[in-house]
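Listed below, chain by chain, are the residues.
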Amino acid sequence: MLNPVMHILSNKRIVLASGSPRRRQILENIGLKFDIVRSTFEENLDKLSFKHPYDYAMATSKGKALEVMDRLAKERPPDLVISADTVVAMDGVIYEKPKDKQDAVEMLSRFSGRTHTVHTGVTLLTRKANAVRLENTAGGNHQLNGLYNILQFHEATDVVMGHLSPDVIKSYVDTGESMDKAGGYGIQALGGTLIESVKGEYFNVMGFPIHHFAKEIYKMYKDSM
């Protein structure tokens, strides 16, 4: 999908605004060259203020991308900032990374034998040509409006979890794999043994919908070929 525009991307400064090793691995596996700059955006948006889980994920990914772009633009502006946020939703409740082992046990117990949905919101941020950067004299912050092109999309994948006994859940959580993953499991490792089936993009469950990303990047740069 990206082969026709890969020579263009190789000449761009691309930044992944995420510390996720899964997102890094997915993007490295397709041959993309990029820097990693972890965002300092506070992921504390009010979940109840969003109509859909993917709206929350997209708003969070946008906040992370803007923070990184604005910080780096003071020195060497990136050509493209990539950001993503992944959440799990079931019965109208949004689940992020578990706070502790007990929280992970409770999440997996709820998911056991049921279908939940993994939502990832992705933000692609590029700097507009000839953009003028203005200072906000009131607070000293940089004005973001009009400086950047913002492209956002989301992906949803349904995941059916097997029927898990309390012993299976506890032993899995005790491995520590739950703690840095939305929904409390990692499908690409031991957590994959808990999953009965997946409907949708597998890589979305890992935290980055690579096919959808490739389609959007191709459309973004195809006119430069």
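K.L.:
Got a minute to help me understand the packing of aromatic side chains in this structure?
P.N.:
Given two aromatic rings, one states the distance between the centres and the angle between the planes to describe the pair. Under the criterion given, the structure shown has four aromatic pairs. Aromatic side chains Phe 208 and Phe 213 sit 5.1 Å apart centroid to centroid with 65° between the ring planes, which places their arrangement in the edge-to-face category. Overall, Phe 213 belongs to the buried group, its relative accessible area being 1%.

K.L.:
How should I be thinking about unusual backbone geometry in this particular structure?
P.N.:
What is expected of a backbone is that most residues other than glycine have negative phi and most peptide bonds are trans. Despite not being glycine, Asp 91 has its phi angle at roughly 55°, a positive value. Looking at where Asp 91 falls in the secondary structure, it is placed in the loop between strand 3 (80–90) and strand 4 (93–95). For Asp 91, a relative accessible area of 56% translates into the label exposed.

K.L.:
Can you help me understand the layout of surface pockets in this one?
P.N.:
Volume-wise, the largest pocket comes out at about 550 Å³. In this structure, the largest pocket is lined by 29 residues; those nearest its centre are Ser 20, Arg 22, Arg 23, Lys 97 and Asp 180. Of all elements in the fold, only helix 2 (21–29), strand 3 and helix 6 (202–206) reach the threshold of two or more residues within the lining of the largest pocket. Counting residues per element, the lining of the largest pocket draws most heavily on strand 3, which supplies four residues. A breakdown of the residues in the lining of the largest pocket according to their chemical character gives eleven nonpolar, eight polar and ten charged.

K.L.:
Before we go on, may I ask you to explain the environment of Leu 72 in this structure?
P.N.:
Examined against the element boundaries, Leu 72 turns out to sit in helix 3 (residues 53–72). Given the relative accessible area of 10%, Leu 72 is considered buried. Along the primary structure Leu 72 and Val 37 are separated by 35 residues, whereas in three dimensions their C-alpha atoms are 9.2 Å apart.

K.L.:
Honestly, the confidence of the model for the protein in this entry has me stumped. Any pointers?
P.N.:
Detail in the predicted coordinates should be disregarded across regions flagged by low pLDDT. Here the protein averages 90 in pLDDT, while 92% of its residues score no lower than 70. Note on residues 131–145: pLDDT is under 50 here. Beyond four places in sequence and across chains, it has 20 contacts.

K.L.:
Explain the pattern of salt bridges to me, please; I cannot follow it from the model alone.
P.N.:
Side chains that carry opposite charge are capable of pairing whenever their charged atoms lie near each other. In total, this model carries 13 salt bridges according to the counting rule given. A salt bridge links Asp 85 to Lys 64; the nearest nitrogen and oxygen atoms lie 3.6 Å apart. In this pair, Asp 85 sits in strand 3 while Lys 64 sits in helix 3, placing the two residues 21 residues apart along the sequence. A single burial state applies to Asp 85 and to Lys 64, both of which are buried. Among the charged side chains, a network of salt bridges with common partners joins Arg 22, Asp 180 and Lys 181.

K.L.:
Teacher, can you tell me more about the nonpolar core here?
P.N.:
Soluble globular proteins: nonpolar side chains tend toward being buried together. Counting 44 residues, the largest nonpolar core has Leu 9, Leu 32, Ile 82, Tyr 185, Phe 208 and Phe 213 as the members making the most contacts within it. The residues contacting Leu 9, other than those within four sequence positions of it, are Leu 2, Ile 14, Leu 32, Ile 217 and Tyr 221. Counting residues in hydrophobic clusters, the runner-up holds 13 residues, among them Val 37, Leu 66, Val 68 and Met 69.

K.L.:
How should I be thinking about the pairing of strand 6 (residues 148–161) in this particular structure?
P.N.:
Look at any regular strand and the pattern is simple: side chains alternate between the two faces of the sheet. Examined bridge by bridge, strand 5 (residues 115–127) and strand 6 share 13 bridges and lie antiparallel to one another. Its bridge partner lying in strand 6, Leu 125 is registered against Ile 150. In the sheet, strand 6 pairs with strand 7 (residues 195–199) via four bridges, with the strands oriented antiparallel. Paired with Asp 158 across the two strands is Lys 199, which belongs to strand 7.

K.L.:
I keep staring at helix 2 and nothing clicks. Help me out?
P.N.:
One full turn of an α-helix is made of 3.6 residues, so residues set three or four places apart face in the same direction. When helix 2 is considered as a whole, its buried residues turn out to be Arg 22, Arg 23, Ile 26 and Leu 27. Down the axis of helix 2, the buried set is contained in an arc of 125°. They therefore lie on one face. Of the surrounding elements, those touching the buried residues of helix 2 are strand 1 (14–16), helix 3, strand 3, helix 6 and helix 7 (210–221). The distance from a side-chain oxygen at the start of helix 2 to the backbone nitrogen of Arg 22 is 3.3 Å, and the residue carrying that oxygen is Ser 20.

K.L.:
Mind showing me how you'd approach the environment of Ala 57 here?
P.N.:
Among the structural elements, Ala 57 can be located in helix 3. Residues Ala 57 and Arg 127, spaced 70 residues apart in sequence, show a C-alpha to C-alpha distance of 22 Å. With sequence-adjacent residues up to four places away left out, Ala 57 is seen in contact with Asp 85, Val 87, His 119, Thr 120 and Gly 121.

Cut-off values and rules
- Here the residue numbering is sequential within each chain, running from 1 through the sequence in written order.
- It should be noted that, the model being predicted, local features are given only for residues of pLDDT at least 70 and side-chain atom pairs only at 80 or more, the latter also being counted only at that level, while totals for whole chains, interfaces and linings use all residues.
- Side-chain numbers come from the whole structure's heavy atoms, not from hydrogens or water.
- When two rings of Phe, Tyr or Trp (its six-membered ring) have centres within 6.5 Å they constitute a pair, described as stacked for plane angles under 30 degrees, edge-to-face for angles over 60, and tilted for the intermediate range.
- Classification of residues uses two cut-offs on accessible area relative to the type maximum, computed with a 1.4 Å probe and protein chains only: under 20% is buried, over 50% is exposed, and between them is partly exposed.
- Helix and strand definitions follow DSSP, with helices as H or I runs of at least four residues and strands as E runs of at least two, each counted in order from the N terminus.
- We place a 1 Å grid over just the protein atoms. Points where a 1.4 Å probe fits but has no way out form a cavity, open points with protein on both sides within 12 Å along at least 5 of 7 lines form a pocket, and any residue with an atom within 4 Å of a point lines it.
- Grid points are joined across faces, edges and corners, and a volume is the space filled by probe spheres set on the points.
- Each residue receives one of three labels: charged for Asp, Glu, Lys and Arg, nonpolar for Ala, Val, Leu, Ile, Met, Phe, Trp, Tyr, Cys and Pro, and polar for the others, Gly being one of them.
- Per residue, pLDDT captures the predictor's confidence, and it can take any value from 0 to 100.
- Contacts are residue-level and defined by heavy atoms, with any inter-residue pair within 4.5 Å sufficient.
- Each salt bridge in this description consists of a side-chain nitrogen of Lys or Arg and a carboxyl oxygen of Asp or Glu lying within 4 Å of one another.
- Throughout this description, the term nonpolar core refers to a set of buried Ala, Val, Leu, Ile, Met, Phe, Trp, Tyr and Cys residues connected via side-chain atoms within 4.5 Å.
- Following DSSP output, two strands are said to pair if at least two bridges run between them.
- It is the directions from the helix axis to the C-beta atoms that the arc portrays.
- Contacts described as polar in this section are N or O atom pairs within 3.5 Å, which, within protein, must combine one atom able to donate a hydrogen with one able to accept it, while residues neighboring in sequence count only if both atoms come from side chains.

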